[in-house]
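# Working through the structure, step by step
Listed below are the residues making up each chain.
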Amino acid sequence: MAMIEMKDVSKWYGPVQVLKDCSAAVNKGEVVVVCGPSGSGKSTLIKTVNGLEPFQRGDVLVNGISVGDPKTNLTRLRAQIGMVFQHFELFPHMSVVDNISLGQVRVLGRSRDEATARSMKLLERVGLTQHAAKYPGQLSGGQQQRVAIARALAMDPLAMLFDEPTSALDPEMINEVLDVMTELAREGMTMMVVTHEMGFASRVAHRVIFMDQGQIVEDDKKEDFFRTPRSERAQQFLSKILHH
Amino acid sequence: MKYNWNWGIFWQLSPDGRGTYLDTLIAGLGWTLATALSAWVIALILGIIVGVVRTTPVRWLRLLGDAWVEVFRNVPLLVQMFLWFFVFPELLPASVGVWLKQLPRSAFYTAVLCLGLYTSARVAEQTRAGIQSLARGQRMAGIALGLTLPQTYRFVLLPMALRIVMPPLTSEFLNVIKNSAVALTIGLVELTASARSIQEFSFQVFEAFTAATLIYMFLNLIVVAGMRWLEKRVAIPGLIGPGQAMPQAGH
């Protein structure tokens, strides 16, 4: 069953069309990597899933609920989709544990104690228990991103969106974040990941979507994508990104 | 210049019946404090609301907020004071206007309202700058978590934005104290008016205005020290200063 289904999604910024009839589906428990050159619309596409980026045509269904329908309670829908950003976007004025608890208390209505207990469990999982009382500004980029993943997981999401989760990190911190994501994928989380980490894609993804100029150019099983991408554009992209 | 210095003037009885000239000054200081602090409360509450409104995605609300700021900051405070005191009651139904003019302490209420609204436009401008200095991603992160827009402002955006704009807000706080002197033009006997009345009764102009000057300075230094203390108290561990970004002050 498709957890996320995009049907002919199109989006314009004024006269510029940034998404062109994008259709794709992510099944429950599936990990889909979205890649492509910068400016190809990857981030915009992934943000249409939780309605952070509005679109003018087509529709996105999450667990059967339409994102484009004005009657949909987007706030409630967003609470069920975890999102991890390129620049972490932790709340700098809150301690690590409060960052993870905020949504649990204010959106899910959990008690503070219940939320804190859950936050501590998630911190243990991402290996940051001893940093619970610290503030985001006191952590490294990799640590911040792991907290951001914990914050998203605390909402018990149906699916997780990752928007270039490692591109703002120093190289030595990339793996600690990818490890957490890999484990998450193994546990069966439905994931949509915008990334240039082709190693991660080839190890963890089930499918790879390749975008160029606002279009989905390829949507292949991982094995096919890395062995024989059909489009010339994807071949060029792969050769550039893999040989250095 | 021949001038009879007399620093003992403050202990002499004043003909205004309040006691000594020092008592006159203290009464004036009381009105200055009451006016400035009440106006500051109004300015903070309205200013933050209007500042927030100007950064929301709702277009008509934004326009309303913009209009508010442009009206109140582009007309001289003195003119606004006259408008509220002399013109506004005439625009109301006759009975309400008369009631308003005969209200005891009507000059005080008018001064508080006028100064509060005027300063709210400036606070709104600072608040807007503070919110806009935050990365767009912060708003997205709050929304993506499932927070409503008001919750995102309350828990994510405002706590950071207000920390960032604390230095310019300190200046606005000082301004509201200094600007309260304009209220003497509508008959409020606050600190400056008290100094002037001492001068008129006793001709000790230098002593009277030296005292007023020192009191204003002392008052403002207390505010500066208080705001510094507050800034340190709410400083966030791991960030340099209260915020990383410096917003443009709204002038």
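Just so it is clear, the model here is predicted, and its values are computed rather than measured. (Residues numbered from 1 in each chain as written. Chains lettered and ligands numbered in written order. Predicted model: local features only at pLDDT ≥ 70, side-chain atom pairs only at ≥ 80, totals over all residues. Heavy atoms only, no water.)

### Brief notes about the overall build of chain A
Going by this rule: Strands here mean DSSP runs of E at least two residues long; helices mean DSSP runs of H or I at least four residues long; both are numbered from the N terminus. Every radius of gyration here is taken over C-alpha atoms, with the globule rule written as 2.2 Å times N^0.38, N being the number of residues. With a 1.4 Å probe rolled over the protein chains alone, any residue whose accessible area is under 20% of its type maximum counts as buried; one over 50% counts as exposed, and the rest are partly exposed.
In terms of regular secondary structure, chain A is built from 9 helices and 10 strands. Its C-alpha radius of gyration of 18 Å places chain A within 12% of the 18 Å reference for a compact globule of 244 residues. In terms of overall dimensions, chain A has C-alpha extents of about 55 × 45 × 35 Å along its principal axes. For chain A, with 244 residues in total, the buried portion stands at 57%.

### Some details on the pattern of salt bridges
Residues and elements named next belong to chain A. Spelled out, the test is: Salt bridges, as used here, are contacts in which a Lys or Arg side-chain nitrogen is within 4 Å of a carboxyl oxygen on Asp or Glu.
Counted by the stated rule, this structure contains 18 salt bridges over all chains. Residues Arg 57 and Asp 21 are paired through a salt bridge, measuring 3.1 Å at the closest nitrogen-oxygen approach. Residue Arg 57 is found in strand S4 (residues 57-62), and its partner Asp 21 is found in strand S2 (residues 16-27); the two are separated by 36 residues along the sequence. On the accessibility criterion, Arg 57 (43% relative accessible area) is partly exposed. Arg 207 is paired through a salt bridge with Asp 219; the nearest N and O atoms lie 3.0 Å apart. A residue pair is termed long-range when its members are at least 10 positions apart, and Arg 207 in strand S9 (residues 207-212) and Asp 219 in strand S10 (residues 215-221) qualify at 12 residues. Residue classification places Arg 207 among the buried positions, given a relative accessible area of 14%.

### Some remarks on helix H5 (residues 106-133) of chain B
Working note: α-helix, 3.6 residues per turn, so residues spaced by three or four point in the same direction. To keep it simple, the criterion reads: A helix is expected to reach a length of 1.5 Å times the quantity of its residues less one.
Under the 1.5 Å per step criterion, the end-to-end length of H5 of chain B is 40 Å for 28 residues, consistent within 8% with the ideal 40 Å. The element H5 of chain B is extensively covered by neighbouring structure, given that 24 of its 28 residues are classed as buried.

### Let's talk about the environment of Gln 204 of chain B
Residues and elements named next belong to chain B. Short version of the rule: Should any heavy atoms of two residues lie within 4.5 Å, those residues are counted as being in contact. Residues adjacent in sequence count toward polar contacts only when both atoms are side-chain atoms; beyond that, a polar contact is any pair of N or O atoms within 3.5 Å, and within protein one must be able to donate a hydrogen and the other to accept it.
You can see Gln 204 is positioned in the loop between helix H9 (191-202) and helix H10 (205-233). Here Gln 204 falls in the buried class, since its relative accessible area comes to 9%. Taking the C-alpha atoms as reference, Gln 204 lies 8.8 Å from Tyr 3; in sequence the two are 201 residues apart. If near-sequence neighbours (up to four positions away) are discounted, Gln 204 is found in contact with Tyr 3, Asn 4, Asn 6, Ile 9 and Gln 199. A polar atom in the side chain of Gln 204 sits 3.2 Å from the side chain of Tyr 3.

### Remarks on the sheet that holds S2 of chain A
Residues and elements named next belong to chain A. Filter applied, for reference: DSSP-based pairing: two strands are paired if at least 2 bridges between them are found.
Spatial strand order, S2-S1-S4-S5: 4 strands in an open sheet with antiparallel pairing. Looking at the sheet topology across the chains shown, the edges are occupied by S2 and strand S5 (65-66). Relative to S4, strand S1 (residues 2-13) runs antiparallel, the two being bridged by 5 bridges. Within S4, the position partnered with Ser 10 by the bridge is Arg 57.

### Brief notes about the side chain of Ser 40 of chain A
Residues and elements named next belong to chain A. If you trace the backbone, Ser 40 turns up in the loop between strand S3 (31-35) and helix H1 (42-48). Within the local environment of Ser 40, its side chain forms a polar contact with the backbone oxygen of Pro 37, the two atoms lying 2.6 Å apart. The contacts of Ser 40, once residues within four sequence positions are left out, are Met 211, Asp 212, Gln 213, Gly 214 and Gln 215.

### Considerations on empty space enclosed by the protein
What counts is decided by this rule: Cavity and pocket criteria rest on a 1 Å grid covering protein atoms alone: a 1.4 Å probe that fits but cannot get out defines a cavity, protein on both sides within 12 Å along at least 5 of 7 lines defines an open pocket, and an atom within 4 Å of a point defines a lining residue. Grid points are joined across faces, edges and corners, and a volume is the space filled by probe spheres set on the points.
Summed over all chains, the structure comprises 1 cavity of 30 Å³ or more. Considering only enclosed or pocket space, the largest cavity measures out at about 80 Å³ in volume. The wall of the largest cavity is formed by 13 residues, among which Gly 82, Met 83 and Ala 152 of chain A together with Ala 144 and Leu 145 of chain B lie closest to the centre. Where the lining of the largest cavity is concerned, the elements lending two or more residues are helix H2 (74-79), strand S6 (81-84) and helix H5 (141-153) of chain A together with helix H6 (136-144) of chain B.

### Some details on the pairing of S4 of chain A
Residues and elements named next belong to chain A. Two elements, S4 and S5, share 2 bridges in a ladder whose sense is antiparallel. By the bridge assignment, Leu 61 is partnered in S5 with Ser 66. Where S4 folds back on S5, the antiparallel hairpin that results is connected by 2 residues, among which Asn 63 adopts a positive phi of roughly 55°.

### Things to note about a nonpolar patch on the surface
Residue and element names in this part refer to chain B. Quick reminder of the rule: Like charges are joined within 9 Å and nonpolar side chains (Val, Leu, Ile, Met, Phe, Trp, Tyr) within 5 Å, but only among residues with over 30% relative accessible area and no salt bridge; these make up the patches. Each accessible area is a Shrake-Rupley result for a 1.4 Å probe, and residues are judged covered by the shown protein chains and nothing else.
Where nonpolar side chains cluster on the molecular surface, the patch consists of Leu 78, Val 79, Phe 82, Leu 83, Phe 86, Val 87 and Leu 91 and spans about 610 Å² of accessible area. Checked against the element boundaries, Leu 78 lands in helix H3 (residues 77-91). A relative accessible area of 40% means that Leu 78 is categorised as partly exposed.

### Some remarks on the interface of chain B and chain A
To keep it simple, the criterion reads: When residues are grouped by polarity, Ala, Val, Leu, Ile, Met, Phe, Trp, Tyr, Cys and Pro land in nonpolar, Asp, Glu, Lys and Arg in charged, and all others, Gly among them, in polar.
Counting from both sides, the interface comprises 23 residues of chain B and, opposite them, 25 residues of chain A. Summed over the shared surface of chain B and chain A, the result is 4 residue pairs in polar contact (both at pLDDT 80 or more). Counting only elements with at least two residues in the side of chain B that touches chain A, the list comes to H6 and helix H7 (149-164) of chain B. Among the elements that line the side of chain B that touches chain A, the one with the most residues is H6 of chain B, at 8 residues. Considered class by class, the residues forming the side of chain B that touches chain A number 14 nonpolar, 7 polar and 2 charged.

### Concerning the pairing of strand S7 (residues 159-163) of chain A
Residue and element names in this part refer to chain A. This is how the line gets drawn: If the strands point away from the viewer and the path from the first strand over the helix to the second runs clockwise, then the crossover is right-handed.
Of all 5 residues making up S7, 5 are buried, and the element is well covered by its neighbours. In this sheet, S7 lies alongside S6 in parallel orientation, the contact comprising 4 bridges. Looking at S7, one finds that Gly 82 is bridged to Met 160. Note that the unit made of S7, helix H6 (residues 171-186) and strand S8 (residues 190-194) has a crossover that is right-handed.

### Quick look at the packing of H5 of chain A against H6 of chain A
All names here are of chain A. Note the cut-off: The convention used is that axes are lines fitted to C-alpha atoms, helices contributing only their stretch in contact, and that angles between N-to-C directions extend from 0 to 180 degrees. Roughly parallel here means an angle under 35 degrees, roughly antiparallel means over 145, roughly perpendicular means 65 to 115, and every remaining angle is called oblique. Each crossing gets its hand from how the near helix is turned against the far one by less than a right angle, where anticlockwise is left-handed and clockwise is right-handed.
Two elements in contact, H5 and H6, have axes separated by 8 Å at closest approach and are oriented at 20°. The pairing of H5 with H6 is recorded here as roughly parallel in orientation. Taken as a pair, H5 and H6 cross one another with a handedness that is right-handed. Between H5, through Gly 141, Gly 142, Gln 143, Gln 145, Arg 146, Ile 149 and Leu 153, and H6, the contact on the second element is made entirely by Met 173, Glu 176, Val 177, Val 180, Met 181 and Leu 184.

### Digging into the packing of H3 of chain B against helix H4 (residues 94-102) of chain B
Residues and elements named next belong to chain B. Following both chains from N to C, one finds H3 and H4 inclined at 150°, their axes separated by 7 Å at the closest point. By the angle between their axes, H3 is roughly antiparallel relative to H4. Residue-level contacts link Phe 88, Pro 89 and Glu 90 of H3 to Gly 97, Leu 100 and Lys 101 of H4.

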